[in-house]
Every structure is written in structure tokens, then in C-alpha cells.
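# Understanding the architecture of this molecule
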Amino acid sequence: MLDKDSIKQKQDFCQDAKYISSLIDLADAQAELADYIAAAQNYAEAKQIAAENGDNTAINDINLKIKEMQSKMTEEMKQQIEQQQAEEEKAKQQQQEQEEALKQQIETDGAAIELEADALLAEGNTETAKQYYQQAMQMYKDAGVIEKASLVQKKIIDADATAKQQQNDIKTAEGDAYVLNGDNFLLENKFAEAIEEYKKAKDIYSQVKNTDKVAEIIEKISAAQVKQKENDIAEQKMNIGVIEARGDEALKLQQYDKAKEFYLQSQALYQGIKDMNKVAEVQEKIKVVQELQEEIRKTREEQGIPQ
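The structure displayed is predicted, hence computed values, not measured ones.

Our next topic: the nonpolar core. Tyr133, Met137, Tyr140 and Val152 are the most contacted members of the largest nonpolar core, which totals 16 residues. Counting residues per element, this core draws most heavily on helix α4 (residues 126-143), at seven residues. Those residues within four positions of Met137 in sequence are excluded, and the remaining contacts are Ala149, Val152, Gln153 and Leu180.

With the rule as written, the count across this model stands at 17 salt bridges. Note that Asp176 and Lys213 form a salt bridge whose closest N and O atoms lie 3.2 Å from each other. Separated by 37 residues along the polypeptide, Asp176 in helix α6 (residues 167-187) and Lys213 in helix α8 (residues 211-252) bring together distant segments of the chain. Taking relative accessible area as the criterion, Lys213 reaches 22% and is therefore assigned partly exposed. For the salt bridge of Glu244 with Lys285, the shortest nitrogen-to-oxygen distance reads 2.7 Å. Highlighted residues: Glu244 in helix α8 and Lys285 in helix α10 (residues 276-303), separated in sequence by 41 residues.

Take the layout of surface pockets next. Each pocket or cavity is described by its volume, and for the largest pocket that value is around 420 Å³. Sorting the residues of the lining of the largest pocket by element identifies α4, α5 (146-164), α6 and α8 as the ones contributing at least two each. In terms of residue count, α6 provides more of the lining of the largest pocket than any other element does, eight residues in total. Class assignment of the residues belonging to the lining of the largest pocket gives a composition of seven nonpolar, five polar and ten charged. Of the volumes computed, that of the second largest pocket is approximately 150 Å³.

Here we take up the confidence of the model for the protein chain. Summarising the model, the protein chain shows a mean pLDDT of 86, and 94% of its residues fall at 70 or more. Considering each helix and strand of the protein chain separately, the mean pLDDT is smallest for helix α1 (residues 4-32), with a value of 72, and largest for helix α7 (residues 191-207), with 91.

The subject of this paragraph is the packing of α8 against α10. Each pair of packed helices can be summarised by the angle the axes make with each other and by the distance between the axes. Put simply, α8 and α10 touch, their axes get as near as 12 Å, and they point 20 degrees apart. The angle between α8 and α10 falls in the class roughly parallel. As α8 runs across α10, the sense of the crossing is left-handed. Here Glu244, Asp248 and Leu251 of α8 come into contact with α10, specifically with Lys278, Glu281, Val282, Lys285, Val289 and Leu292. Looking at side-chain class alone, the contact of α8 with α10 contains four nonpolar, no polar and five charged residues.

We now examine the environment of Val152. Mapped onto the elements of the fold, Val152 is located in helix α5. With relative accessibility at 0%, the residue Val152 sits in the buried group. C-alpha separation for the pair Val152 and Ala111, spaced 41 residues apart in sequence, amounts to 9.9 Å. In this structure Val152 touches Glu114, Tyr133, Met137 and Tyr140, once residues within four positions along its chain are discounted.

One can find Ile286 in helix α10. If near-sequence neighbours (up to four positions away) are discounted, Ile286 is found in contact with Tyr263, Leu264 and Gln267.

Look at Glu244 and you get buried, because its relative accessible area is 5%. Excluding anything up to four places from it in sequence, Glu244 contacts Tyr263, Ser266, Tyr270, Lys278, Glu281, Val282 and Lys285.

For residues besides glycine, phi is generally negative; the peptide bonds are generally trans as well. Phi angles above zero are rare outside glycine, and Lys209 is one such case at about 55 degrees. In this fold, Lys209 is placed in the loop between α7 and α8. Looking at Lys209, the relative accessible area reads 69%, which means it is exposed. Even without glycine at this site, Lys274 takes up a positive phi of about 60 degrees. Examined against the element boundaries, Lys274 turns out to sit in the loop between α9 (256-272) and α10.

Now for the packing of helix α3 (residues 56-122) against α4. Contact geometry of α3 with α4 gives a least axis separation of 8 Å together with a crossing angle of 165 degrees. When the axis of α3 is compared with that of α4, the two are roughly antiparallel. Here α3 runs over α4; the crossing is left-handed. For the contact of α3 with α4, the per-class residue count stands at 13 nonpolar, four polar and seven charged.

This part is about α8. An ideal rise of 1.5 Å per residue puts 62 Å on 42 residues; α8 measures up with 61 Å between its terminal C-alpha atoms. Along α8, the positions that sit buried rather than exposed are Val214, Ile217, Ile221, Ala224, Ile240, Ile243, Glu244, Gly247 and Ala250. Residues of α8 that are buried in the fold lie against α6, α7, α9 and α10. Following α8 by one or two positions, Gln254 has its phi on the positive side, about 60 degrees.

Criteria and thresholds
- Residues numbered from 1 in each chain as written.
- Predicted model: local features only at pLDDT ≥ 70, side-chain atom pairs only at ≥ 80, totals over all residues.
- Heavy atoms only, no water.
- Core = buried A, V, L, I, M, F, W, Y, C linked by side-chain atoms within 4.5 Å.
- Buried < 20%, exposed > 50% of the residue type's maximum accessible area, 1.4 Å probe, protein only.
- Helix = DSSP H or I, 4+ residues; strand = E, 2+ residues; numbered from the N terminus.
- Contact = heavy atoms within 4.5 Å.
- Salt bridge = Lys/Arg side-chain N within 4 Å of Asp/Glu carboxyl O.
- 1 Å grid on protein atoms, 1.4 Å probe; cavity = no way out; pocket = protein on both sides within 12 Å on 5 of 7 lines; lining within 4 Å.
- Points joined across faces, edges and corners; volume = space filled by probe spheres on them.
- Nonpolar A, V, L, I, M, F, W, Y, C, P; charged D, E, K, R; others polar.
- pLDDT = per-residue confidence, 0-100.
- Axes fitted to C-alpha atoms, helices over the stretch in contact; angles between N-to-C directions.
- Parallel < 35°, antiparallel > 145°, perpendicular 65-115°, else oblique.
- Left-handed = near helix turned anticlockwise from the far one by under 90°.
- Expected span 1.5 Å × (residues − 1).

Here you go:
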């Protein structure tokens, strides 16, 4: 026969079992509604009570439900990421299509203007024809049709030669061709080639004493040199970024010494190119590594583990 304490203990166990069951049912409903934080809290409370009562069956059931909830969360997150990526890709594709359609329209409009310029040139209206050619050439440039822009530039050179038949005009047009070549090279980020073409144009403009064009080409050379320097710095930043990324990867792997070494190396290189924002950003990462190292050191010290 059971004594009063045993009966009381069994009553408490039954009450706890009912409460655990209620908590699990509530957590199940919350998980179904994607209220994962609340569900996790109720699962945890139910698991704690079951552990206090030594109810291993309930504990195993709760663990299984938690695992199922985590799997559901992971799958939902995966689906969200995939949906976001698909939307971004669709938006990117639409933007590319719009840009391509705009370029095609600009090219078509440029071709129409070029035909008008041809007609004007045939009528002997050279100056107006040249204005139309310039407009068409710029539109071809905007459309990214460099070959057609070059052909239109040649028409301008031919028009100048036909209208004036003067050496200075021919040489000026030759200089313009070098400028166009330089512009084309600049569009392709071939800075050294662009500067070389600009210098050839500058020599011609100097020969014909066209001071305005000399001043313009000097500005283009300076601008190209600035872009070349910016491009060099960008490449350096990219290379430094690789080193910094190695530090990030080492940090994820808890390889703190390696992470710190990569961060210090990238920080020094950022200082070399005077990118103080990145220097400060990497310094924060170094600080995080040092804090983690200090935590490990303290933990080992408390546990009596040799450093």
C-alpha cells in the first residue's frame, strides 16, 4: 500500500505530465504559426519540467519536436533566400533588357541622323552635315557601338578634307581621330593606350597651333591619368580585400591567430593607400579577435589549462 507521500508524489507527477502535455500542444500550435521563439520557450519549459521529473519519454518527444521545428525553420529560410535570389535575378534581367532596348533605340536614332547628314553632305551643306555627324557619333558612343562611331568620325574627317582642302584641317581631324581612339581605349579602361593616343593628338594640335584643342587634350590626359591611378588603387583594394577575407574566414573557423595576422596585414596595406575608413573597419575586426582571444585565455585560466 502506498503511503501519503508516495500518493502525493504520484499526483504531482500526473499534474506535471498534464502541464507538460499542455505546453507541448501550445508550442506545436505556435510552431505551426511560425512563432518559433515562443514555441522554443514553451518546449524548453516543458523539457525542464520533464527533466526534473525524470520523464525521459517526454524529453525524447520534445527533442524530436524541437528538431522538426528547426528543420522547418531551415527549410523556410532556404525558400526565402531562393525566392529573394530569384526576384533579384529577375529584376537584374529586366534592367538589362531595358538598358539594351534603350541602347538599340539610341543606335537606331543615330543611324537616322547619320542618313540625314549624308544627304546634307551630298547637297554641299558641309557644316550642318558635320553637326549631324557629331550628334550621330555621340549617340553611337552612348549606345556602345564604337565601330559605327569610328566610321562616323571618318566621315567627319572626309567632310573637312572635301570642304576646305587645307592641311591644318586634315591634321586637326587626324588629331580628333586619335582623341576618339583614346576615348575608346578609355571606355575599355586601357588607360596607357588612351594616354598615348591623346599625346599623339596633342602633338598634332600643337603643330597646327590649335590652342583650344591643346588645352582640351591636356585635360583629357590629366583625367585619364587620374582614372588610371584610381583603377590602380581599386585593384589594390581588391587584392587587399582578398587578404581581409582570409581573415574573416579564419575568424569563422576560430583560427584567431591567423585571423589577426591577416587583418594586420590588410590594415597595413590599407594604410599604404590611405584608405582610413578601411583601416578603422579592420581595426574593429582586430579588436573583436583580441576580445575573443582574451575570453579564451580567461576561460583556460579559470579551468587551470596551461596557456
